[in-house]
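Structural overview for review
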Amino acid sequence: MGVHVVLLPWTSQGHITPVVQLGEVLATRSEGFRVTLVVTARVKARFDRTASPLLYHPLIILQVIDDGLNPDPSYTPSFPEVIASLPTQQQSLESLLLALAASPHPATCLISGSFCSWSKSVAVKVGIPRAELWSSPAFIYCIGFYHHCLLSSGLIPFKGKLEDTWITCIPGLPPIRGTDFVKEFLQRQEDFEEDPERFQRVCQYIKDTYGNANEQYRILVNSVYELDSEALDTLCADGVQALAIGPLFLHNTPNKGTEKPVNPLGISAYEEDRSCLQWLDGKEKASVLYIAFGSEAKIAKDEMQELAHALEASEQRFLWVIRPESVVDETSIDSILPEGFQERVTERGKIVSWAPQMDVLAHPSIVAFLSHCGWNSTLETLWLGVPILAWPQRADQGVNKRFIEEHWKVGIAVEKHEGKATRASIGIAIRELMQEERGAIARERVKEYQELLKKTVQEGGSSRRNLDKFIHDLCSLADQKAESSV
Ligand code: UDP
């Protein structure tokens, strides 16, 4: 009986990508592995929309489960809608796993996105081990796992001022300023005044998602031990089988980390505008600033305008991704940008709605990346040796920024005033990165991290060893299952 892994990603782009990359690694690296990717109808419709090769992948079998929600690929269900859909998803996943159990290819292991905590009870019911894939660094996982420390230290429900608060009570995480902390973990008193019991429910939800990580078969982290060792060691010391196996996209490269990766699976949320690569071909080496805020961030129009003014004043060449619906309450680029901006910068600036990011970052004309510090973007830019101008927007990005700037020293943060970046603060950060000593250090350090990432997936590297160990353990699980069924 061979190994059959069933992958269950959370439905957003930043989560699907690493899960699919893991599926590809398992399917290609390990002979006889069977890989099934379970998605909702809405995600499948997104694959249809971009004609993703995943639809015909020779090694990954696609299975659709029901969530009872609108299957339109552009639809984003609200959080309460997602919660209400969970029993339907649980039922549907259970039926699928039971059908597999009765087939010649029973599932050996469920590998679930960490946010799909609802799959824990299904795995227990069906009697298969459940591993998780965490698509942020382990230092963020620590915030979920040790969320109770925020409660016991009296920090939540939070009443103070974020800018005056340092969070020092999370094991595995260095002190973080309140303004950089993950908002979703720092529940504010004022948000619960109308329904105080909701605070208990939210804490319980976090506990259900992360609290019993030590009971899961493995917590696979799309990170690198050398970047994230304190958090990984802390989790392991508390009985969590946390394994850093990233960057997952690098295991898929033909020469295991010596060539630039592409996006062969076409799991992009939007259609890529590749014309920007030709545009970059015509620009001098190391002269263009790449600007992108990932697949989910929504930015206020006034901040976008500040960025435009800063770019104009800096006389910097730039390639700027403005995703459809990325600006609050605006859809047309003309109404987002200052009047006449596009005409004035036409020689040195290009705007696209979605770029082939890996190819862009690998282009010799790129000098730096103004990024929202999403974890995939961070790994990608480290791997391609491009220093970062860090402008976090939400979720884990503020904490990532702190590591980027203070611990790894591969970038410079854009200062915010009353929570917002201004044309002056953006201009200062651009100048510092391009012209000053801190920028020179960042450009040098990022090359060292590029080397580190290359080595980690090669023979003997930490991520490679962890991945090999996981594959070996899956084979043992399948062997045990085969023996017990004789
Ligand atoms: N991305 C892309 N083209 C773009 C912008 C982003 O291909 O124009 C990809 C990027 O390479 C990364 C992903 O979208 O793999 C964004 O993931 P990340 O974790 O950085 O941010 P999120 O979208 O989760 O906020």
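Bear in mind the structure is a predicted one, so any value in this text is a computation, not a measurement. (Residues numbered from 1 in each chain as written. Predicted model: local features only at pLDDT ≥ 70, side-chain atom pairs only at ≥ 80, totals over all residues. Heavy atoms only, no water.)

**Quick notes on the nonpolar core**
Quick reminder of the rule: Buried Ala, Val, Leu, Ile, Met, Phe, Trp, Tyr and Cys residues that are joined via side-chain atoms within 4.5 Å together make up what is termed a nonpolar core. Throughout this description, buried means an accessible area under 20% of the type-specific maximum (1.4 Å probe, protein chains only), exposed means over 50%, and partly exposed covers the range between. Elements are defined by DSSP. Helices are runs of H or I of four residues or more, strands are runs of E of two residues or more, and each kind is numbered from the N terminus. The contact rule is simple, with two residues in contact once any of their heavy atoms fall within 4.5 Å.
Of all hydrophobic cores here, the largest spans 75 residues; its most connected members are Phe-181 and Tyr-290. Sorting elements by how many residues they give to this core places helix H5 (residues 138–145) first, with seven residues. What Phe-181 contacts, discounting residues up to four positions off in sequence, is Ile-143, Leu-150, Ile-167, Ile-170, Leu-173, Ile-176, Leu-186 and Val-399. Formed by 33 residues, the second largest nonpolar core is a distinct cluster that contains Leu-22, Ala-27, Val-43 and Ile-471.

**Quick look at the pairing of strand S2 (residues 34–40)**
The cut-off we apply is this: Pairing between strands is defined by DSSP: at least two bridges between them are needed. Convention used here: a crossover is right-handed provided that the path from the first strand, over the helix, to the second strand proceeds clockwise when the strands point away from the viewer.
Most of S2 sits out of view: six of its seven residues are buried. When strand S1 (residues 4–8) meets S2, the two strands line up parallel, connected through four bridges. Paired with His-4 across the strands is Arg-34, a residue of S2. Of the crossover connections in this fold, the one passing from S1 over helix H1 (residues 13–29) to the parallel S2 is right-handed. Across six bridges, the pairing between S2 and strand S3 (residues 60–65) is parallel. Bridge pairing in S3 links Thr-36 to Ile-61. Handedness of the crossover joining S2 and S3 through helix H2 (residues 41–49): right-handed.

**Some points on the sheet that holds strand S11 (residues 317–321)**
For the record, the criterion: Angles here are taken between N-to-C directions and fall from 0 to 180 degrees, while the axes themselves are lines fitted to C-alpha atoms, restricted in helices to the stretch in contact.
Spatial ordering of the open sheet is given by S12-S11-S10-S13-S14-S15, a layout of six strands whose pairing is parallel. Every interior strand has two partners, whereas the edge strands, strand S12 (349–352) and strand S15 (411–413), have only one. The average undirected angle you get between the axes of adjacent strands in this sheet is 20 degrees. Running at roughly 160 degrees to S11, helix H11 (residues 301–314) makes contact with strand S10 (288–292), S11 and strand S13 (366–371) of the sheet.

**Points about empty space enclosed by the protein**
Counted only if it meets this: Buriedness for pockets is judged along seven lines, at least five of which must meet protein on both sides within 12 Å for an open set on the 1 Å grid over protein atoms alone, while cavities are sets there where a 1.4 Å probe fits but cannot get out, and lining residues have an atom within 4 Å of a point. Grid points are joined across faces, edges and corners, and a volume is the space filled by probe spheres set on the points. Charged residues are taken to be Asp, Glu, Lys and Arg, nonpolar residues to be Ala, Val, Leu, Ile, Met, Phe, Trp, Tyr, Cys and Pro, and polar residues to be all remaining types, Gly included.
Tallied over the full model, the rule gives three cavities of 30 Å³ or more. For the second largest cavity, the calculated volume is near 50 Å³. As for the second largest cavity, its lining consists of Phe-293, Gly-294, Ile-299, Met-304, Val-321, Ile-322, Arg-323 and Ser-326. Across the lining of the second largest cavity, the residue classes tally to five nonpolar, two polar and one charged.

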